[in-house]
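Observations on the three-dimensional arrangement
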Amino acid sequence: MRPLTEQEIRTAFVNCTKGEAKRLHVPRDLAERPWDDLDFLGWRDPQAPGRAYLVAAWDGRPVGVQLRSSDAGSWQTRRSMCSMCVTTHTGGVSLLVAPRSGKAGQQGNSVGAYMCSDLACSLYVRGKKDAGIGARLHESLTLEEKIRRTVANLSAFIAKVTE
Ligand SMILES: [Zn+2]
């Protein structure tokens, strides 16, 4: 994806208030992020471990989604699969919940998805980050097809948040 500036990221959020978007934690190392290998930028808030964020290109413009995770330990030791990139982790998948944008979100509606806890799906798909033994299903898909699938899954998720 195209490298984004902090300002672009802050203005991209669709499911939080302007004040929240102004205050939320944006990574300081944006210049060093491997943008060429990213389908979306995802990060955790180091000060608030239950918060995560992702920004993806959506119809040519960046769209940001704030997420909450309820990392209650019990299922964390199980093997679970990320619903975006289809990587299986032991303890590395979180249920991330996004308030929906607009009225639906104000009424408390949200959308949840199981995702890689570190939101590094793009790097797992490309084999740039290792999720351990058995992380990848044996699939006959090409890298290109796996990337397309991840982007399609993510787009479907963002559509549910914004629709
Ligand atoms: Zn993933």
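So, here is what we can say about the structure in this document. (Residues numbered from 1 in each chain as written. Predicted model: local features only at pLDDT ≥ 70, side-chain atom pairs only at ≥ 80, totals over all residues.)

Now for the overall build of the chain. Broken down by element type, the chain carries 5 helices and 7 strands. Counting helices and strands in the order they occur from the N terminus, the chain gives α-α-β-β-β-β-β-β-α-β-α-α. Here the C-alpha atoms of the chain give a radius of gyration of 15 Å, agreeing with the 15 Å that 2.2 N^0.38 yields for 163 residues. Seen through its C-alpha atoms, the chain measures out along the principal axes to roughly 45 × 35 × 30 Å. (Helix = DSSP H or I, 4+ residues; strand = E, 2+ residues; numbered from the N terminus. Rg over C-alpha atoms; globule rule 2.2 N^0.38 Å.)

Turning our eyes to something else, we now look at the sheet that holds strand β3 (residues 61–69). Within the open sheet, the 5 strands sit side by side as β1-β2-β3-β6-β7. Their pairing is antiparallel. Because the sheet does not close on itself, it has two edges, and the strands there are β1 (40–45) and β7 (110–116). Strand-to-strand twist in this sheet, taken as the mean axis angle between neighbours without regard to direction, amounts to 30 degrees. Two elements, β1 and strand β2 (residues 48–58), share 6 bridges in a ladder whose sense is antiparallel. (Pairing = 2+ DSSP bridges. Axes fitted to C-alpha atoms, helices over the stretch in contact; angles between N-to-C directions.)

Core analysis: the largest hydrophobic core is formed by 37 residues, its most contacted members being L54, V55, M115, C116, C121 and Y124. Within the residue set of this core, elements represented by two or more residues are α1 (6–12), β1, β2, β3, β6 (93–99), β7, α4 (121–125) and α5 (143–162). When residues no more than four places from it in sequence are discounted, the contact partners of C116 are C82, C85, T87, H89, G92, V93, C121 and Y124. (Core = buried A, V, L, I, M, F, W, Y, C linked by C-beta atoms within 7 Å. Buried ≥ 20, exposed ≤ 12 C-beta atoms within 10 Å, placed from the backbone. Contact = placed C-beta atoms within 7 Å.)

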